[in-house]
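Spelled out, the chains give:
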Amino acid sequence: MEWKLFANLKEVVGQSEVEVDVQSGETFGDALDALLEAHPELAAEVLNDDGELRDHIRVLHNGDNPFVSAEGRDTELEAGDELALFPPVSGG
Amino acid sequence: MHVLGVVGPSDSGKTTLVERLAERLIDRGRVATVKHLTHAPDVDTDGKDTARHRAAGAATTYGLTDDEGWFATGEDRTLDEALDALAPDYDYAIVEGFSDATVPQVVLGDRDHAGPELAAAPTADDVDVDAVLDALAGTEPRETLESLVERVKRSPRADRAGAIATFTGRVRAKDAPDDDPTEYLTFEKYEGVADDRMETIAAELEEREGVLDVLLHHRTGVIEYGEDIVFVVVLAGHRGEAFRTVEDGIDRLKDEVPLFKKEVTVDDEFWVHERE
């Protein structure tokens, strides 16, 4: 699975796309854990003291928020899914 | 309006390629071309009436005929100004010889250039015109407030429209008198998802009673102080729903669309969400 990172999160890691070794059938939470284990510097940016995503950090699974439109961390992934992690949007 | 540049050394066939591209693009829409000149225009020479107008200090001079075309000359015009003026009325602009322009370019003979490279080849004869046209269709069109307003005026629903309301967001220098002046902003976009979100917002707003067409456009990349960033244009039956929809359109765009703004001032640079 591939994660796309944006803005300061991309700069912290030094790349805009990160491949993680998570297979079809595993969950969104597995993919998030794999990303943050591979990049602890990113974990420091996006997790609070309880190890949960900070309120202002946004995630998308194929363009939709899995915590709103699916099963959150338990959302099952399929091959080729696109995952995204980003800070608050600031267009306009 | 889609913009396509052709750059290359003088013997690489730039103009031949511009001809081939223009001949194809006229089947798809209205085409404008712009040529970079390294000498004064010789379209109206010393002694002509129009040259005398210019010599007398006119900043712009038009020569118009009844049915044999027209020309214009003027003092100062940048490529950006020329393209913004063309954008409302043309579907394509091909610009020849502007190596410094940050427009999508076809690059002949390894010419140094700014702007993304759509294709590269030694000479015009080596260019796959079909591939260039396909690549051009995937580029971000150049939009201005005027080009978006013209588009809604040509809407099939315009016969029921008594109002067009617009919002333009631009780069301000300061938010308070003692702020460091902003030099430019750069916007990063989540490709694909940002455009889908904007289409969804526009489609949902168009479902409102009395709202006919909604256009949202956000520029990306480097945007300098004073330049426009974002436009919302609403075509509606009456002013009330037009004003409300413009406001809701820009508010939703700012809340929902994955775009990220970095600000560069005279002494600093930072992601804007980290200061808010």
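What counts and what doesn't
- Residues numbered from 1 in each chain as written.
- Chains lettered and ligands numbered in written order.
- Predicted model: local features only at pLDDT ≥ 70, side-chain atom pairs only at ≥ 80, totals over all residues.
- Heavy atoms only, no water.
- Helix = DSSP H or I, 4+ residues; strand = E, 2+ residues; numbered from the N terminus.
- Buried < 20%, exposed > 50% of the residue type's maximum accessible area, 1.4 Å probe, protein only.
- Polar contact = N/O pair within 3.5 Å; in protein donor to acceptor, adjacent residues only side chain to side chain.
- Contact = heavy atoms within 4.5 Å.
- Axes fitted to C-alpha atoms, helices over the stretch in contact; angles between N-to-C directions.
- Left-handed = near helix turned anticlockwise from the far one by under 90°.
- Domains from an automatic or database assignment.
- Salt bridge = Lys/Arg side-chain N within 4 Å of Asp/Glu carboxyl O.
- Core = buried A, V, L, I, M, F, W, Y, C linked by side-chain atoms within 4.5 Å.
- Patch = residues over 30% accessible without salt bridge, like charges linked within 9 Å, V, L, I, M, F, W, Y side chains within 5 Å.
- Areas by Shrake-Rupley, 256 points an atom, 1.4 Å probe, with all protein chains shown as cover.

As annotated in an unreviewed UniProt entry, chain B carries the name Molybdopterin synthase and comes from Halorientalis pallida.

Per an unreviewed UniProt entry, chain A goes by MoaD/ThiS family protein and derives from Halorientalis pallida.

Draft legend 1. Quick peek at the side chain of B:Lys261. Inspection of the secondary structure assignment puts B:Lys261 in strand E13 (residues 259-265). What makes B:Lys261 buried here is its relative accessible area of 12%. Only 2.6 Å separates the side chain of B:Lys261 from the backbone oxygen of A:Gly92, close enough to count as a polar contact. Residues in contact with B:Lys261, not counting those within four places in the same chain, are A:Ser90, A:Gly91, A:Gly92, B:Leu185, B:Thr186, B:Phe187, B:Phe270, B:Trp271 and B:Val272.

Draft legend 2. Highlighting the environment of A:Phe67. Residues and elements named next belong to chain A. Summarising the element assignment, Phe67 is placed in helix H4 (residues 66-69). The spatial distance from the C-alpha of Phe67 to the C-alpha of Ser90 is 21 Å, given a sequence separation of 23 residues. Among residues more than four places away in sequence, those in contact with Phe67 are Phe28, Val59, Gly72 and Arg73.

Draft legend 3. Geometry of the packing of helix H1 (residues 14-25) of chain B against helix H4 (residues 129-137) of chain B. Residues and elements named next belong to chain B. Where H1 contacts H4, the axes come no closer than 11 Å and their chain directions differ by 65°. Viewed along their axes, H1 and H4 form a crossing whose handedness is right-handed. Along the contact surface, H1 presents Leu17, Arg20, Leu21, Arg24 and Leu25, while H4 presents Val129, Asp130, Val132, Leu133 and Leu136.

Draft legend 4. Spotlight on unusual backbone geometry. For A:Asn62, which is not glycine, the phi torsion reads 50° and is therefore positive. On the secondary structure map, A:Asn62 appears in the loop between strand E3 (58-61) and H4. Assessed through its relative accessible area of 42%, A:Asn62 is described here as partly exposed. Positive phi values are uncommon outside glycine, yet B:Asp110 reaches one of about 60°. The topology assignment puts B:Asp110 in the loop between strand E6 (105-108) and strand E7 (117-121). We classify B:Asp110 as exposed; its relative accessible area is 74%.

Draft legend 5. View of the domain arrangement of chain B. For chain B, the assigned domains read domain 1 (2-138) and domain 2 (145-272). For domain 1 of chain B and domain 2 of chain B, the distance between their C-alpha centres works out to 29 Å.

Draft legend 6. Just the pattern of salt bridges, in detail. Under the definition given, this model contains 20 salt bridges over all chains. In this structure, B:Glu204 engages B:Arg252 in a salt bridge whose closest nitrogen and oxygen atoms are separated by 2.9 Å. With a gap of 48 residues between them, B:Glu204 in helix H6 (residues 193-206) and B:Arg252 in helix H7 (residues 239-256) connect regions that are remote in the sequence. Since its relative accessible area comes to 38%, B:Glu204 is described here as partly exposed. Residue classification places B:Arg252 among the partly exposed positions, given a relative accessible area of 23%. Where B:Asp268 meets B:Arg275, a salt bridge forms, and the shortest distance between an N and an O atom there is 2.9 Å. A single network of salt bridges, built from pairs that share partners, joins A:Glu11, B:Lys262 and B:Glu269.

Draft legend 7. Structural context of the nonpolar core. If you look at the biggest cluster of nonpolar residues, it comprises 25 residues, and the most contacted ones within it are B:Val214, B:Leu216, B:Ile229, B:Val234, B:Leu253 and B:Val257. Of all elements in the fold, only strand E8 (163-170), strand E9 (182-189), H6, strand E10 (211-218), strand E12 (228-236) and H7 of chain B reach the threshold of two or more residues within this core. Not counting the four nearest positions on each side in its chain, B:Val234 is found in contact with B:Ala163, B:Ile164, B:Ala165, B:Val211, B:Asp213, B:Val214, B:Ala242, B:Thr245 and B:Val246. Counting residues in hydrophobic clusters, the runner-up holds 22 residues, among them A:Met1, A:Leu5, A:Ala43 and A:Leu53.

Draft legend 8. Just a nonpolar patch on the surface, in detail. Side chains of B:Tyr62, B:Leu64 and B:Trp70 sit close together on the surface and give an oily, nonpolar patch of about 430 Å² of accessible area. Along the polypeptide, B:Leu64 turns up in strand E3 (residues 60-64).

Draft legend 9. Structural context of the side chain of B:Glu143. All names here are of chain B. Here Glu143 lies in the loop between H4 and helix H5 (145-153). By relative accessible area, Glu143 is classed as buried at 6%. At a separation of 2.7 Å, a polar atom in the side chain of Glu143 contacts the side chain of Ser147. Apart from residues lying up to four places away in sequence, Glu143 is in contact with Leu148, Arg151, His217, Arg219 and Phe231.

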